[in-house]
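Breakdown of the fold
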Amino acid sequence: MTTTVERPTESQRRFKVIGTRPIRHDGLGKVTGADRYGADVQLPGMLHAKMLRSPHAHARIKKIDTSKAEALPGVKAVVTSRDLPIIDDKPIDLAETLGNPRVLAENALASSKVLYKGHAIAAVAATSPHIAEEAAELIEVEYEVLQPVLDVREAMKKDAPLIHEKLTTHEVQRRFTRGDDTGVISNVASHLQFKQGDVADGFSRADVVVEREFTTVPVHQGYIEPQASTAQWAPDGHLTIWTSSQGSFGIRDQTAAILGIPQSMVKVVPMEIGGGFGGKIGTYLDPVAALLSKKAGLPVKIVMTRKEVFEGTGPTSGSYMRCKIGARRDGTITAAEFYLAYGAGAFPGSPVGAGAMYGLAPYKIDNVLIDAYDVVLNNPKVAAYRAPGTPQAAFAVESTLDELAEKLGIEPMEFRLTNAVREGDRQVNGIPFGSVGCVEVEEAIKNHPHYRTPLNGANRGRGVAMGFWGNGGMQSSATINVNTDGTISLITGSVDIGGTRVAVAMQAAEVLGLAAEDVVPTVGDTNAVGWTGITGGSRTAFSTGIAAITAAEQIKRTMAERAALKWETQPEDIEFEDGVFVSKMNREDRLTFKEIAASMMATGGPITASASSNPRQVGVSFAATLVDVEVDRETGKVQILRATAFQDVGMAVHPSYVEGQMQGGTVQGIGWALNEEYFFTDDGTMANSSFLDYRMPTSLDLPAIDTEIIEVPNPGHPFGVRGVGEVSIVAPMAAVANAIHDAVGIRMTSLPMSPGEVLKALDEQQRAGK
């Protein structure tokens, strides 16, 4: 399904380990099935739990009767929201939703209202999954069914049913801090505005203006492993959780806050994770399993079904957008207006801010007005999905730009290069770009054989689109222990969902002059390593890598001290070259890393170092997708003929896994473009809550995905690394839409561009006589 172009990268030319392609340390366990995932946990006396979920998208809970379930033989515990100490009669502060434990608790177990079909209401622990499921069905719930609100435009109307009776709209500051409360009660949780220059004047100076409306629907991250959690609440009050998540410390902190216990009483053991892409950052099952364990006095495991994953966890946002861009005949963009309304699901917190920030990011535009709205709906509370919020925005912006270039008669990439951002240009929030690779990515496209090779054949077209993601920094921790055989053990707190074990290990190896195989990386539990942020935001190889580099530098200094002790000299007189410590006073005095390690017990004892990172100079990422399609006018099916992913990665640590990230994001973006959608009926039921009906692309649907790595080093990292995990998903939807237009002359403005929608657009084209 994938292919790469084999040629030396800059990282391969500059470093010994960075830029090579060692076998990942955890590879054998993955391919043999030996690794243990969340559902694999087995403990003595362990109970199994099942959830009762709402059959309604919007309803008040009048009464819950659990007596029949509790009386069923084999049932050991039943919990509802009444068992959560954080839930009371006080209204929720919905203006603060990020990490708000009350919101997390209400999402885990509904109290007074259910806000989406699949919203959990109660949970049962029993001696078998079948008994637990039977007992859950015996729980009686009396509902007052309310009108659901499923569309952002409908939800924003003044007469729309209110999802939260006390929710008022907040004005959000440009740095995403809480602003003024307007006092207006509605389904609009917040409004964010970016403004620079004079937009009216900018449009007055434009020779051509294009304005379009766009819509997208929620899509799922597509991870294969359902959520699973096992909890054991010990008699002394200590709680241990085994779970598959994207951040052990986040799960620990959220669970402790929901349960009202100190973080020190909660230990989270990270299991291997079968995909996440942002969807496994928040907690769903962990506090529920913990409560059941406390009540039953035994460990409890909960594993979601696929239907529960679709109906009870967060997809990404659907959206409604209007994009207006004007330019002069010479191709200079003079102004842009961008309106975005994103569905947040049951509670505020859509990624509309990222869409507002990043949609126009690849372009230098002096006059900009952006209005972004976060809107609650009767859908599951949205979760992150790879560059959250930005693919929707790029779909609108890049489609509008393509049409504008066409009307101006300017070649699409030439138009983008004319307006490409460079170092020093200001983002819409006023912050100037540092070292960026936007121009380099666009030049790579123009010079690539894919772009330069003619595309022949009827109903075939080529499309291109740019994408941007800001990447994350955040805190990470790492500990290195030197072994007497000269190998090292590397413990980090970062869950590995994309090859980050080997990427971080390679950075430590580069510092210490070791081979990647001499580093044994492990992911520690929350009691074994310092606090570490989520694996997400394209931050792990970058920030955890810096923590590992810092710890390795400490190790190197300690090793130099041990060498100086042997040679009766000073540590500052010791040099380190390719894994060998050399005395500057006598070049014949040489000791390898392994030789010093072998004698460390006689020269001062074990050598270990711990370090944390919190990098501020995060290297942002630009990427692009170039795609060829063929449209079947009879069926509306769009076939991908060729696709190439371009990305500035800063410095490729492990090129194979960088290419894998680029290819994976491109595949997901193509699925989002052509097939994937949450299909809701009028009552809020998801009609396609299985992988049979929720159509993700397979290898049969796609050609090989080519990759082009561009390396513009990030000055904020010792080796120039940028995050690579997300930006590749941003551009494919717009690139496919532009290719469809190039093939058959129709502008697709809604996702997915399924066969039915393409046929509808072709029919409209025919009736219009175009």
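Nothing here was measured: the structure is a model prediction, and the numbers come from that model.

1. What about the environment of L138?
One can find L138 in helix α5 (residues 129-138). On the accessibility criterion, L138 (30% relative accessible area) is partly exposed. Sequence-wise, L138 and D65 are 73 residues apart; in three dimensions their C-alpha atoms are separated by 8.9 Å.

2. What to know about the domain arrangement of the chain
Each assigned domain of the chain is listed with its residue range as follows: domain 1 (1-10 + 436-471 + 619-770) and domain 2 (476-613). Each of domain 1 and domain 2 has a C-alpha centre, and the two are 39 Å apart. Taken together, the 16 residues of domain 1 in the interface contact 14 residues of domain 2. Between domain 1 and domain 2 lies a buried interface of about 1100 Å² when both sides are counted; carbon and sulfur atoms form 69% of it. For the domain 1 face of the interface with domain 2, the top three residues by lost area are V653, H717 and F719, together amounting to 39%. Inspection of the region where domain 1 meets domain 2 yields zero salt bridges. Seen at the junction of domain 1 and domain 2, the total is five residue pairs in polar contact (both at pLDDT 80 or more). A class-by-class count of the residues in the side of domain 1 that touches domain 2 yields seven nonpolar, eight polar and one charged.

3. Description of the packing of aromatic side chains
Enumeration according to the criterion identifies 17 aromatic pairs in this entry. Taking the centre distance of 5.4 Å and the plane angle of 15° together, the rings of Y385 and W672 count as stacked. Here the residue Y385 occupies a position in the loop between β17 (368-376) and α12 (390-408), and W672 occupies one in helix α19 (residues 655-674), the gap between them amounting to 287 residues. Overall, the relative accessible area of 1% leaves Y385 in the buried class. Here W672 falls in the buried class, since its relative accessible area comes to 2%. Their ring planes at 80° and their centres at 6.1 Å tell us that Y678 and Y694 sit as a pair that is edge-to-face. Within this pair, whereas Y678 is found in the loop between α19 and β28 (705-710), its partner Y694 is found in the loop between α19 and β28, the two being separated by 16 residues in sequence. A single burial state applies to Y678 and to Y694, both of which are buried. Through a chain of ring-to-ring contacts, the aromatic side chains of F310, Y678, F680, F691 and Y694 assemble into a single cluster. The aromatic ring of Y657 is capped on one face by R24, whose charged end is 5.4 Å from the ring centroid. Over the ring of Y339 we find R322, and its NZ or CZ is 4.2 Å from the ring centre.

4. Quick word on the pairing of strand β21 (residues 519-523)
Two faces, one strand: in a regular strand the side chains alternate between the faces of the sheet. Burial of β21 is one-sided: the residues V519, P521 and V523 facing one way are buried, the residues V520 and T522 facing the other way are not. One ladder, built from five bridges, connects strand β20 (residues 488-492) with β21; its direction is parallel. When the bridges of β21 are listed, T492 appears paired with V523.

Rules of the game
Residues numbered from 1 in each chain as written. Predicted model: local features only at pLDDT ≥ 70, side-chain atom pairs only at ≥ 80, totals over all residues. Heavy atoms only, no water. Helix = DSSP H or I, 4+ residues; strand = E, 2+ residues; numbered from the N terminus. Buried < 20%, exposed > 50% of the residue type's maximum accessible area, 1.4 Å probe, protein only. Domains from an automatic or database assignment. Contact = heavy atoms within 4.5 Å. Buried area = accessible area lost by both parts, 1.4 Å probe. Salt bridge = Lys/Arg side-chain N within 4 Å of Asp/Glu carboxyl O. Polar contact = N/O pair within 3.5 Å; in protein donor to acceptor, adjacent residues only side chain to side chain. Nonpolar A, V, L, I, M, F, W, Y, C, P; charged D, E, K, R; others polar. Phe/Tyr/Trp six-rings, centres within 6.5 Å; stacked < 30°, edge-to-face > 60°. Lys NZ or Arg CZ within 6 Å of the ring centre and 35° of its normal. Pairing = 2+ DSSP bridges.

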